[in-house]
Amino acid sequence: MKTILVTGGAGYIGSHMVYYLLENNFKVVVLDNFSNSDISRLEKIREITDKNIEVIEKDLTDDLENLKFKEKIEAIVHFAALKSVPESMEKPLEYYFNNVYGTLNLTKWAMDNDIRKIVFSSTCAVYGDVDIDVLTESTTTNPLSVYGRTKLFSERILEDISGLNAVSLRYFNVVGNIESGEFGDDVYGPAIIPSILRSYFKKDVQLEIYGNDYNTKDGTPVRDYIHVEDLVDAHFRALKFMEKNKGFKVFNIGTGTGYTLLELIKTLENIVQEKIPYEIKERKAGDVEKAVADSSLAEELLNWKAKKNINDIFKSMLKYYESQGFR
Ligand SMILES: NC(=O)c1ccc[n+]([C@@H]2O[C@H](COP(=O)([O-])OP(=O)(O)OC[C@H]3O[C@@H](n4cnc5c(N)ncnc54)[C@H](O)[C@@H]3O)[C@@H](O)[C@H]2O)c1
């Protein structure tokens, strides 16, 4: 049985990955500093899978020289990072240090310990504002935010280390929860779908839309929303891909379908048969107009394609919010 190290495995996406790996008979070791999570998701996964997860509380920017595991680590899935675009503009040093140095330090540790496979969590924020309908992996990268730059610089590090095999997955907007609704994303998080759901459930919370003067069909930004279960499946396929393919490779991971923010609201209104009021505010720095993926390379080389759509996403999230006491 192979052992995979999952950095940031206590977080939203990492915990779904841990669950998926355990369900597919891998052993999992999690490294997390719990700066944006706690142990609760991993405890829940231990309970529902009845499997052990070794958890190491550690910051990737610390000295990793003494980091040792009993089992041989076959590969690393590296999620640990700070992820807020607006916060990265306010705290650039913290983001560069955590995300870029954290990745460099982890990569050095991996190479020193003869671990040669890393799947890296990248983002469509590496592309910046480009006036094309769908983004391919060869679209010019020009990130508008510090967050996007930390991911691009981390990719370059992984690409430059000879002898390392790495796959960078550029995720579009990740949403949804496992179908059973037993764990999920932070229900109080700042992302748009959690904000829409909160204002649906709590009528006193006003939904804010940042900018309605973008060059899109209704003036609000267009995004590609990918279900977290489809996303972790792409990581699984990336691990397989590295068994036969050497070097560095980038893949876009999205559905190929874009929704404006107003269309998102409308989708939930149709599901719950209720009007959701919102207020238009100023644009936020670092936000791009459109980000929709062309994931045909992942389809061709990873044999991966998103299976879930926006209705599946909302339904899985409604179930999770209800399990968290939202009514
Ligand atoms: N959520 C999205 O829509 C999205 C989109 C594109 C890319 N990503 C990337 O996916 C990854 C996971 O995102 P998420 O939504 O699960 O975020 P998250 O904040 O829920 O999870 C990240 C985890 O990493 C841990 N962490 C952060 N810095 C660390 C450090 N220095 N050392 C050890 N642990 C550290 C946090 O405590 C947290 O548990 C991130 O790299 C993020 O940039 C997310």
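Heads up: the structure comes first, above all this text.
Residues numbered from 1 in each chain as written. Predicted model: local features only at pLDDT ≥ 70, side-chain atom pairs only at ≥ 80, totals over all residues.

K.L.:
Hey, could you run me through the overall build of the protein chain in this one?
P.N.:
In terms of regular secondary structure, the protein chain is built from 10 helices and 14 strands. Within the protein chain, the proportion of its 327 residues that are buried is 45%. If you take every contact in the protein chain between residues at least 6 apart in sequence, the share linking residues at least 24 apart comes to 81%. (Helix = DSSP H or I, 4+ residues; strand = E, 2+ residues; numbered from the N terminus. Buried ≥ 20, exposed ≤ 12 C-beta atoms within 10 Å, placed from the backbone. Contact = placed C-beta atoms within 7 Å.)

K.L.:
What's the story with helix 7 (residues 228-244) in this structure? I'm lost.
P.N.:
Turn by turn, an α-helix covers 3.6 residues, leaving residues three or four places apart pointing in a common direction. Counted at 1.5 Å a residue, the expected span for helix 7 with its 17 residues is 24 Å, and the 26 Å between its end C-alpha atoms agrees. Among all positions of helix 7, only Val 228, Glu 229, Asp 230, Leu 231, Val 232, Asp 233, Ala 234, His 235, Ala 238, Leu 239 and Phe 241 are buried. (Expected span 1.5 Å × (residues − 1).)

K.L.:
How do you make sense of the site of the ligand when you look at a structure like this?
P.N.:
In the vicinity of the ligand there are 27 residues, among which Gly 8, Gly 11, Ser 37, Ala 80 and Ala 81 approach most closely. Mapped onto the shell around the ligand, the elements with two or more residues apiece are helix 1 (12-23), helix 4 (92-112), strand 5 (117-123) and strand 7 (173-175). Element by element, the count of residues in the shell around the ligand is highest for helix 1, at 3 residues. For the shell around the ligand, a count of residues per class yields 11 nonpolar, 13 polar and 3 charged. (Near = placed C-beta within 6 Å. Nonpolar A, V, L, I, M, F, W, Y, C, P; charged D, E, K, R; others polar.)

K.L.:
I tried to follow unusual backbone geometry on my own but got confused; where do I start?
P.N.:
Most peptide bonds are trans, and most residues other than glycine sit at a negative phi. Residues other than glycine seldom take positive phi values, yet Asn 25 does so here, at roughly 65°. Within the secondary structure, Asn 25 is located in the loop between helix 1 and strand 2 (27-32). On the basis of neighbour count, Asn 25 is assigned to the exposed category, with 9 C-beta atoms found within 10 Å. Despite not being glycine, Gln 273 shows a phi value in the positive range, around 55°. Under the C-beta neighbour-count criterion, Gln 273 is labelled exposed, with 6 such atoms within 10 Å.

K.L.:
Would you mind going over the nonpolar core with me for this structure?
P.N.:
Note that soluble globular proteins tend to have their nonpolar side chains buried in a common cluster. Core analysis: the largest hydrophobic core is formed by 90 residues, its most contacted members being Val 18, Val 30 and Ile 253. Considering every element that reaches this core, the biggest residue donor is helix 1, with 8 residues. Discounting residues that sit within four places of it in the chain, Val 18 has contacts with Val 6, Gly 9, Val 28, Val 30, Leu 42, Ile 45 and Ile 53. (Core = buried A, V, L, I, M, F, W, Y, C linked by C-beta atoms within 7 Å.)

K.L.:
Quick question: what am I supposed to make of the sheet that holds strand 5 here?
P.N.:
Backbone-to-backbone hydrogen bonds pair the strands of a sheet. The strands run either parallel or antiparallel. An order of 3-2-1-4-5-6-11 is seen for the 7 strands of this open sheet, with the pairing classed as parallel. Either end of the sheet is taken by a strand with one partner, and the two such strands are strand 3 (54-57) and strand 11 (248-253). Strand-to-strand twist of the sheet, defined as the mean angle between neighbouring strand axes without regard to direction, takes the value 20°. With 5 bridges connecting them, strand 1 (residues 3-7) and strand 4 (residues 73-78) associate as parallel partners. Paired with Ile 4 across the strands is Ala 75, a residue of strand 4. Along the sheet face, helix 5 (residues 146-160) touches strand 5, strand 6 (165-171) and strand 11 and points at about 155° away from the line of strand 5. (Pairing = 2+ DSSP bridges. Axes fitted to C-alpha atoms, helices over the stretch in contact; angles between N-to-C directions.)

K.L.:
Help me understand the environment of Glu 179, please; the structure alone is not making it clear to me.
P.N.:
Secondary-structure assignment places Glu 179 in the loop between strand 7 and helix 6 (192-201). Glu 179 sits in the partly exposed class, given 14 other C-beta atoms within 10 Å. Along the backbone, Glu 179 and Pro 194 are 15 residues apart, and their C-alpha atoms lie at a distance of 17 Å.

K.L.:
Any chance you could explain the packing of helix 4 against helix 5 here in plain terms?
P.N.:
Geometrically, a packed helix pair is captured by the angle between its two axes and the distance between the axes. Between helix 4 and helix 5, whose axes approach to 9 Å, the crossing angle comes to 20°. Judged on the interaxial angle alone, helix 5 and helix 4 are roughly parallel. When the axes of helix 4 and helix 5 are compared, the crossing they make is right-handed. For the pair formed by helix 4 and helix 5, the contact residues are Pro 92, Tyr 95, Tyr 96, Asn 99, Val 100, Thr 103, Leu 104 and Thr 107 on the first element and Val 146, Tyr 147, Thr 150, Lys 151, Phe 153, Ser 154, Ile 157 and Leu 158 on the second. Here the contact of helix 4 with helix 5 is built from residues that sort into 10 nonpolar, 5 polar and 1 charged. (Parallel < 35°, antiparallel > 145°, perpendicular 65-115°, else oblique. Left-handed = near helix turned anticlockwise from the far one by under 90°.)

K.L.:
In this structure, what is going on with the sheet that holds strand 12 (residues 259-260)? I would like to understand it.
P.N.:
Strand order in the open sheet formed by 3 strands is 12-9-14, with mixed pairing between adjacent strands. Looking at the sheet topology across the chains shown, the edges are occupied by strand 12 and strand 14 (290-291). Pairing of strand 9 (residues 222-223) with strand 12 involves 2 bridges; the strand directions are antiparallel. Along strand 12, the bridge assignment pairs Val 222 with Thr 260.

K.L.:
Hey, could you run me through the pairing of strand 6 in this one?
P.N.:
Consecutive residues of a regular strand have side chains that alternate between opposite faces of the sheet. Burial within strand 6 is extensive, with 6 of its 7 residues counted as buried. Pairing geometry for strand 5 and strand 6, over 7 bridges, is parallel. Residue pairing across strands places Ser 121 opposite Leu 169, the latter belonging to strand 6. Following the backbone out of strand 5, through helix 5 and into the adjacent parallel strand 6, one traces a crossover that is right-handed. Pairing analysis gives 6 bridges linking strand 6 to strand 11, with the strands arranged parallel. Among the inter-strand pairings, Leu 169 is bridged to a residue of strand 11, identified as Phe 251. (Right-handed = clockwise from strand over helix to strand, strands pointing away.)

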